[in-house]
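Okay, here's what each chain looks like letter by letter:
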Amino acid sequence: MAIRNHVWALVVPTVLGGTSLLAQQPAKAPAAEVTPVSGVSTLHHLHRAIEGSTMGWDGQWSSPPSAVAASRSTKVGDDFVLSGADLYRISCRACHKPDGSGAPPEINSILGPVQAASAPWMTERMKAMGRPVDRSFIRDLTSNTEADLRKRLKTGGHDMPSFGHLSEAEIAVLRPYLDQLAGLPASEKRQRSLAEPAARVGELIVKGTCHICHDATAFTTAPTTVLSGVIPPLGSMPRQKTFSDFVRKVSVGMPIPLGTPGVSSRGRMPVFSYLSEEEAGAAYSYLSLYPPR
Amino acid sequence: MKFMMAVLGLSAMAMGSVSPAGGTIEGTVTAKGLASNADAVVFIQQMPGKGAPPAKPADIDQHSMHFVPHVLPVVAGTTVRFLNSDPTQHNVFSPDYEKYNLGTWPQGQTKDHTFAACAKPPCAYVQLCRVHPEMEGYVVVLQNAFFAVTGSDGRFRIDNIPPGSYTLGVWHPKRKAQPKQVVVDPAKPATADFVLAQ
């Protein structure tokens, strides 16, 4: 317990100045059980090399830190306040990009399915095609699409990993943001937020972003193995990196020694400039307190 | 295209409605204002006796986010088998006529729909995927199996047609043209050209 408090002490001190309207009345999410990340990475599961995949690469595509301000979680006390945009950012964006368009053909756009789950959107679409249909047919189409969307989120797809770790409360916050991303009318008014403990935020980041490329556990990697293409496992992070090095590597990038003798290299890891330092710190603490297995 | 025409000829003979000494209609369809003359269905509107649907399903493949073929003419009563060849879930629905929503299914699996509800052919059913709004295809239900689909050059050919006088219709997803009267004589191919306009 003492160790846990020490680690959180590293994470918590930076409280952002001022709170947004969104942060003033956050819903307190029912405590979701925090569990360690486990198993092989998504890329490993798909037998895909990082160089041959677009998964997880929005870190590299994203704007430089100074230009990224649209979505940042705020903190109230020890909790992070997450909007739907924040949940999208830490769970979906690494693959689906900021606008949801993905990177076809490997990563599908989420916009079409989200639009097709909207009865007003589908009604207008049929009208525009000169094929108006009755409400019951629209309801049949859109309810099926909504069910498919939620099933995909829970169980994953051919390439997409399962996001079964998301709680119902988190999905209830994320889902309206997908509507906003898809440009559905009046969706801005339905945006919500929730307060989450740092451990949970770290878990969401690790499972939703880091685990795309990093296996949970493996033999400890050395500079030579990294040079030959091995991606360090998540379990090695707290042992091989300090808190501040980890945060820096994630959020702004940091050279690492590769090979023997070590040569300083930028490495292949994307820079996740859209994650705040507090969020990157929460990921480090989560990996420390809940060792991957 | 040649393959499709050959298949049509065989299926028409299998229906027992074709004389071995049947005639041919050939020609060209020009789609004004479009980059391609493909996807026009040219068909004999009415043939004595009702064409029986084939015993085997006709196939549409959902491949690389497209319905393949883009336009599929079938005889009324034909079952169309929709295959998903993409590594993502697909759906098929149509808001036309009896309306159907076949659900979603993964790569390698199929779903069938039988087009038995067309009271007055031709009946064009748009095929849509609710998961991927950019996908669009067509099933055109016809009274008989004497039809052809144009390629990008606009050419078509229908073989093994019993001698007689017919009305030749044309259907296209975006353009229209008036039907034409054609006399089929086994001694020489009949010619019919269409210019499609809005």
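Residues numbered from 1 in each chain as written. Chains lettered and ligands numbered in written order. Predicted model: local features only at pLDDT ≥ 70, side-chain atom pairs only at ≥ 80, totals over all residues.

A closer look at the overall build of chain B
Working step 1: A tally of regular secondary structure across chain B gives one helix and 17 strands.
Working step 2: In chain B, buried positions account for 45% of the 198 residues.
Working step 3: Within chain B, residue pairs in contact and separated by at least 24 positions form 65% of the contacts whose partners lie at least 6 positions apart. (Helix = DSSP H or I, 4+ residues; strand = E, 2+ residues; numbered from the N terminus. Buried ≥ 20, exposed ≤ 12 C-beta atoms within 10 Å, placed from the backbone. Contact = placed C-beta atoms within 7 Å.)

What about the confidence of the model for chain A?
Residues and elements named next belong to chain A.
Working step 1: The pLDDT averaged across chain A works out to 83; a share of 79% of its residues lies at or above 70.
Working step 2: A low-confidence stretch, residues 1-24 (pLDDT under 50), is modelled with 31 contacts involving residues beyond four sequence positions or located in other chains.
Working step 3: Low pLDDT, under 50, characterises residues 64-69; the predicted model gives this stretch seven contacts beyond four residues in sequence or across chains. (pLDDT = per-residue confidence, 0-100.)

A short note on the nonpolar core
Note that soluble globular proteins tend to have their nonpolar side chains buried in a common cluster.
Working step 1: Residues A:Ile205, A:Ala283, B:Val41, B:Val42, B:Val139, B:Val140 and B:Phe147 are the most contacted members of the largest nonpolar core, which totals 104 residues.
Working step 2: Formed jointly, this core draws a minimum of three residues from each of two domains, domain 1 (1-49 + 148-198) and domain 2 (52-142) of chain B.
Working step 3: Leaving out residues up to four positions away in the same chain, A:Ala283 has contacts with A:Gly202, A:Ile205, A:Val206 and A:Cys210. (Core = buried A, V, L, I, M, F, W, Y, C linked by C-beta atoms within 7 Å. Domains from an automatic or database assignment.)

Description of the domain arrangement of chain B
Residues and elements named next belong to chain B.
Working step 1: Domain parsing of chain B yields domain 1 (1-49 + 148-198) and domain 2 (52-142).
Working step 2: Domain 1 puts nine residues into the contact, and the matching count from domain 2 is 10 residues.
Working step 3: Elements with a contribution of two residues or more to the side of domain 1 that touches domain 2: strand E2 (41-44) and strand E14 (164-171).
Working step 4: Grouping the amino acids of the side of domain 1 that touches domain 2 by side-chain chemistry returns six nonpolar, two polar and one charged. (Nonpolar A, V, L, I, M, F, W, Y, C, P; charged D, E, K, R; others polar.)

So, the pairing of strand E6 (residues 79-84) of chain B
Residues and elements named next belong to chain B.
Working step 1: Only one face of E6 is covered, namely the face carrying Val 80, Phe 82 and Asn 84; the face carrying Thr 79, Arg 81 and Leu 83 is uncovered.
Working step 2: In terms of strand pairing, strand E3 (residues 58-63) meets E6 through five bridges, oriented parallel. Across the sheet, Gln 62 pairs through a bridge with Asn 84, a residue of E6.
Working step 3: The sheet contact formed by E6 and strand E9 (residues 110-114) spans five bridges and is antiparallel. Within the sheet, the bridge partner assigned to Val 80 lies in E9 and is His 113. (Pairing = 2+ DSSP bridges.)

Details of the sheet that holds E9(B)
All names here are of chain B.
Working step 1: Strand order in the open sheet made by the four strands is E4-E3-E6-E9, with mixed pairing throughout. Each end of this open sheet is capped by a strand with a single partner; those strands are strand E4 (66-68) and E9. Within this sheet the neighbouring strands show an average axis-to-axis angle of 25 degrees, counted without direction. (Axes fitted to C-alpha atoms, helices over the stretch in contact; angles between N-to-C directions.)

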